[in-house]
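Below, each chain spelled out in residue letters.
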Amino acid sequence: MPVNPDSTTDEIREELIDTVRRFTARKITPIASDFDAADEYPAEIVAGMKDLGLFGITVPPAYGGLGLDLVTYARVVEELSYGWMSVSGFLNTHFMACFLLMEFGTPEQKTHWLPRLASGEIRAAYSLSEPDAGSDVQAIRTKAMQTGQSYEVNGTKMWLSNGLHAGLVVTLVKTADTDPRHKGMSVLLVEKPPGATHFEGLTVSKKIRKLGYRGLETVEFIFDQHSVPVANLLGGKEGHGFRQMMAAVELGRSNIAARAVGVARRAFDESIRYAQQRKAFGQVIAHHQAIAHKLADMSTKIAAARLLLYDAVQKKDRGERCDLEAGQAKLFASETCWEVVQEAMRIHGGNGYSAEYPIERLYRDAPLMIVGEGTNEIQKNVIAKRLLERHAL
Amino acid sequence: MNIVVLVKQIPDPAGPSELEDDYTLDRNCKLILDESDSYGVEIALQLRETSGGGEVTLVSMAPNKEVSGIRTALAMGAEKAILVTDDALSGADALTTAKVLAKAIERAGDYDLVIGATESTDGYVGTVPAAIAELLGLPSVTFAKKIEVQEGKIVVQRQTEAGYDLIEAPLPAMISVTAGVVEPRYPSFKGIMAAKKKPCDIIGVSDLGLDVSAGWGQEILSVEDAPARAAGEKIEDDGESYLKIVEFLENKKII
Ligand SMILES: Cc1cc2nc3c(=O)[nH]c(=O)nc-3n(C[C@H](O)[C@H](O)[C@H](O)COP(=O)(O)OP(=O)(O)OC[C@H]3O[C@@H](n4cnc5c(N)ncnc54)[C@H](O)[C@@H]3O)c2cc1C
């Protein structure tokens, strides 16, 4: 991705991140638990993110964005997740859609979509999964048949994060039955009015009730003879969809790792404060070695996860291949996050279980990082495959 | 409309702070925009936007050519800045500061309004804006909570204990604003990136034609911790305690 050269100096990046940190502390952290409990869409936070310019971070200036690098993007995600993981979710699918357009879009598609995405005028969702296809992406069944100047789309898509409020949904469909299956897959740029539950042949059929990641809607789509113009075929050529979506997922992995680091940092900060305030048996619990050792382990693992993450995104920023590193960062950071929030729960005792404290929310948010953007089992498959290629005899 | 905003750059109040041997605050660390001044910056930007043109110029005095806080205000949308930085000003008192700032304001070119905060977060002296008004021969309006510009004059709501006074003053004028009266905007990412390229004129005392070698009249003799807060009054609830609370609030003139 092209990076705006005079805008990513360390000094500027620190100022940008500092602004996000203040925004998080004032606008996100204080309301996260209430909005989480009500599973309510935080419209004001999204509007604030738009004013800050977060929706165009990685889009080149030529299309109205800021052209910032992935390190900056990951730092932003980390800070937002520190306040509330769901908020980083407003960026993620959008960011992947922008990436797909920047990387594979035709010139017309770029000029048509990117400026509106960069300004946040419209937000984007990203749709691979179906009721019967998650890890096995090639098992998708949603079909798009070309008739004249449009595709007729039929099928059911599931797990569309931001699906309701999005104005653009990048959607993986089958445009042909082929062997291997992925050669018949394409990405359609599905346009819809943000917030609409019915639009021509497209229905937002269900809002999924979730353990965590609340406030941000995750929905199901039914396509019933829904018509999409041929001009909305990403890149203008059929058959490249699988490869295109997988390239975006690779970026998504760094995004998940950044989220995991943010949530884990929050759990640690809450814990080290609590451990120095709460007394048991005549001393603060931080002075009980069992608790102190937990803090030591938590902090060490978070530091390691952070290094893996920034090693991966720096490689990507330099234009190097980083699928192995991004996979390792996602795997380690998400498992670390899950361990850290469990330890935070123990350190907080009964209060960890209470909705008066943020730990129970972190505890419900953390598992998504293990499942999203490729489960950790799949992650290990990807890592191992790449290692065996690299070390082939 | 051209507006000058005074912005103080101070050590982060959330961090640890040290005193120098002369009991003034050690400022040889990273300084940030005083939150009290962010309200003035926001008001200036809003006034400029409604007036449909003009420039917002920042004026600051800080050691070590510090521009971090200025950059925050430039990122919010101010056009340019003047920074007075000079070792000779280390430990300067409020009147000397006002003299320096007044001279710097004169360098800013034609202005319609000068805006400052009621008091800074690190010093709490609260005399600088009024002193500047005197030095520049401007009308001074303090404790402003709302400012409206009309033909050649301003109409200010001046906060009082009971509510507010409506005050009119001809332009140009010096106004000090109360903290918290507007919500300062967050600088956008675009603003932050653009701020680096905005002009910031860094000058010393001699550039202003001032001589501070004789020092200043104020000397801090000692500093003590603020007294710990006295224990509050406890009211046992015997079913009628609300009456005592009402009485308490009435005595305080809160209700
Ligand atoms: C809150 C939330 C939001 C989401 N948002 C989106 C979104 O915006 N867009 C989108 O497209 N998708 C989204 N998803 C879907 C997500 O990507 C999938 O849930 C994920 O890829 C796993 O697929 P699955 O649920 O079908 O699990 P399955 O594929 O059925 O996996 C079940 C189990 O089998 C294991 N498994 C499967 N295959 C293998 C294998 N070959 N080797 C070893 N183990 C294997 C898995 O690791 C897992 O443990 C979201 C999911 C959630 C929970």
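So, how was this worked out
- Residues numbered from 1 in each chain as written.
- Chains lettered and ligands numbered in written order.
- Predicted model: local features only at pLDDT ≥ 70, side-chain atom pairs only at ≥ 80, totals over all residues.
- Heavy atoms only, no water.
- Phe/Tyr/Trp six-rings, centres within 6.5 Å; stacked < 30°, edge-to-face > 60°.
- Helix = DSSP H or I, 4+ residues; strand = E, 2+ residues; numbered from the N terminus.
- Buried < 20%, exposed > 50% of the residue type's maximum accessible area, 1.4 Å probe, protein only.
- Lys NZ or Arg CZ within 6 Å of the ring centre and 35° of its normal.
- Core = buried A, V, L, I, M, F, W, Y, C linked by side-chain atoms within 4.5 Å.
- Contact = heavy atoms within 4.5 Å.
- Near = heavy atom within 4 Å.
- Polar contact = N/O pair within 3.5 Å; in protein donor to acceptor, adjacent residues only side chain to side chain.
- Areas by Shrake-Rupley, 256 points an atom, 1.4 Å probe, with all protein chains shown as cover.
- Domains from an automatic or database assignment.
- Buried area = accessible area lost by both parts, 1.4 Å probe.
- Salt bridge = Lys/Arg side-chain N within 4 Å of Asp/Glu carboxyl O.
- Expected span 1.5 Å × (residues − 1).
- Nonpolar A, V, L, I, M, F, W, Y, C, P; charged D, E, K, R; others polar.
- Pairing = 2+ DSSP bridges.
- Patch = residues over 30% accessible without salt bridge, like charges linked within 9 Å, V, L, I, M, F, W, Y side chains within 5 Å.
- Lys, Arg positive; Asp, Glu negative; His and termini not counted.
- Charge placed at Lys NZ, Arg CZ, Asp CG, Glu CD.
- Disulfide = S-S within 2.5 Å.

Quick rundown of the packing of aromatic side chains? Include the residues and the values.
All names here are of chain A. Under the counting rule described, the total for this entry stands at seven aromatic pairs over all chains. When the ring of Y41 is compared with that of F90, the centres are 5.7 Å apart and the planes differ by 90°; the resulting orientation is edge-to-face. Of this pair, Y41 sits in the loop between α1 (10-38) and α2 (43-52) while F90 sits in helix α4 (residues 85-104), placing them 49 residues apart in sequence. Here Y41 falls in the partly exposed class, since its relative accessible area comes to 22%. Taken together, a centroid distance of 6.3 Å and an interplanar angle of 85° make the contact between F99 and F104 edge-to-face. For F104, a relative accessible area of 18% corresponds to the buried category. One Lys or Arg, R266, reaches over the ring of Y82 and ends 5.7 Å from the middle of that ring.

Which residues make up the nonpolar core, and what are the values?
Core analysis: the biggest nonpolar cluster contains 138 residues, and A:M49, A:L54, A:L80 and B:L58 have the highest contact counts within it. For this core, the element with the highest residue contribution is helix α6 (residues 241-277) of chain A, accounting for 16 residues. The contacts of A:L54, once residues within four sequence positions are left out, are A:V20, A:M49, A:V76, A:L80, A:L91 and B:F189.

Lay out the site of the ligand in plain terms, naming residues and giving numbers.
Residue and element names in this part refer to chain A. Every one of the 17 residues lining the ligand counts as a neighbour, but L128, S135, W159, T375 and E377 are closest to it. Here an oxygen atom of the ligand and a side-chain polar atom of E377 are 2.7 Å apart. Take N381: an N or O atom from its side chain is 3.3 Å from a nitrogen atom of the ligand. For the ligand, the accessible surface in isolation is 970 Å², of which the surrounding protein chains cover 62%. When residues of the shell around the ligand are traced back to their parent elements, those giving at least two are β1 (124-127), β3 (150-161), α11 (367-371) and α12 (376-390).

Can you explain the domain arrangement of chain A? Please cite residues and give values.
Residues and elements named next belong to chain A. Domain boundaries in chain A define domain 1 (9-123), domain 2 (125-239) and domain 3 (243-390). Computed over C-alpha atoms only, the centres of domain 2 and domain 3 are separated by 30 Å. Facing the 14 residues of domain 2 at the interface are 12 residues of domain 3. Of the roughly 1,000 Å² buried where domain 2 meets domain 3, counting both sides, 67% is carbon and sulfur surface. Looking at the side of domain 2 facing domain 3, the largest losses of area belong to Y126, L211 and Y213, adding up to 49% of the total buried there. If you look at where domain 2 meets domain 3, you find zero salt bridges.

How would you sum up α4(A)? Please name residues and give values.
For α4(A), with 20 residues, the first-to-last C-alpha span of 29 Å sits near the 28 Å given by 1.5 Å per residue. With 19 of 20 residues buried, α4(A) lies mostly within the body of the structure.

Which residues make up the interface of chain B and chain A, and what are the values?
Across the boundary between the two partners, chain B contributes 13 residues, which contact 21 residues of chain A. Both sides together, the interface formed by chain B and chain A hides about 1,600 Å², and carbon and sulfur atoms give 62% of it. When the buried area of chain B at its contact with chain A is split by residue, B:Y186, B:F189 and B:M193 rank highest and sum to 49% of it. Here chain B and chain A share five salt bridges between them. B:R71 is the salt-bridge partner of A:E15, the closest N and O atoms lying 2.4 Å from each other. Run the count over chain B and chain A and you get seven residue pairs in polar contact (both at pLDDT 80 or more). Sorting the residues of the side of chain B that touches chain A by element identifies α2 (68-76) and α5 (189-195) of chain B as the ones contributing at least two each. With four residues, the top contributor of residues to the side of chain B that touches chain A is α5(B). A class-by-class count of the residues in the side of chain B that touches chain A yields five nonpolar, two polar and six charged.

Describe the pairing of strand β6 (residues 113-117) of chain B, and please don't skip the residues or the numbers.
Residue and element names in this part refer to chain B. Across the five residues that make up β6, a large majority, five, are buried. Burial of β6 is two-sided: the residues L113, I115 and A117 facing one way and the residues V114 and G116 facing the other way are all buried. Of the strand pairs in this sheet, β6 and strand β10 (residues 173-177) are connected by five bridges, and their pairing is parallel. For G116, the partnering residue across the bridge sits in β10 and is S176.

Lay out the pattern of salt bridges with the relevant residues and their values.
Scanning all chains against the criterion turns up 44 salt bridges over all chains. Residue A:D136 is joined to A:R181 by a salt bridge in which the shortest nitrogen-to-oxygen separation is 3.3 Å. Of this pair, A:D136 sits in the loop between β1 and β2 (143-147) while A:R181 sits in the loop between β4 (168-174) and β5 (185-191), placing them 45 residues apart in sequence. A salt bridge links B:R107 to B:D201; the shortest N-O distance between them is 3.4 Å. Residue B:R107 is found in helix α3 (residues 94-107), and its partner B:D201 is found in strand β11 (residues 200-203); the two are separated by 94 residues along the sequence. The network of salt bridges with common partners includes A:D18, A:R21, A:E78, A:E79, A:R265 and A:R306.

Requested: an account of the pairing of β1(A), with residues and values cited.
Residue and element names in this part refer to chain A. Of the two faces of β1, both are covered, the one formed by A124 and Y126 as well as the one formed by A125 and S127. Here β1 pairs with β4 via four bridges, running parallel. Its bridge partner lying in β4, A125 is registered against V169.

Outline a negative patch on the surface, listing residues and values.
All names here are of chain B. A contiguous patch of negative charge on the surface is contributed by E20, D21, D22 and E219. Along the polypeptide, D22 turns up in the loop between β2 (9-11) and β3 (31-33). A residue is classified by how much of its surface remains accessible, and D22, at 38% relative accessible area, is partly exposed.

Account for unusual backbone geometry, with residues named and values stated.
Across the junction of A:D179 and A:P180, the peptide omega takes the value 0°, indicating a cis bond. Relative to the elements of secondary structure, A:P180 occurs in the loop between β4 and β5. Following B:L171, the chain continues to B:P172 via a peptide bond in cis, the omega torsion being -5°. When you line up the elements, B:P172 lands in the loop between β9 (164-170) and β10. Phi is positive for A:N162, which is not a glycine, with a value near 70°. Examined against the element boundaries, A:N162 turns out to sit in the loop between β3 and β4.

Explain the environment of B:M193 residue by residue, including any values.
With respect to the element layout, B:M193 can be found in helix α5. For the pair B:M193 and B:A133, spaced 60 residues apart in the sequence, the C-alpha separation amounts to 34 Å.

Got a sec to walk through the state of the cysteines? Specific residues and values, please.
A disulfide bridge is the covalent bond that connects two cysteines by way of their sulfur atoms. Evaluation of the coordinates by the stated rule reveals zero disulfides over all chains. With no disulfide of its own, A:C98 has A:C322 as its nearest cysteine by sulfur position, at a separation of 18 Å. Cysteine B:C200 shares no disulfide, and the gap to the nearest cysteine sulfur, in B:C29, comes to 18 Å. Here B:C200 falls in the partly exposed class, since its relative accessible area comes to 28%.

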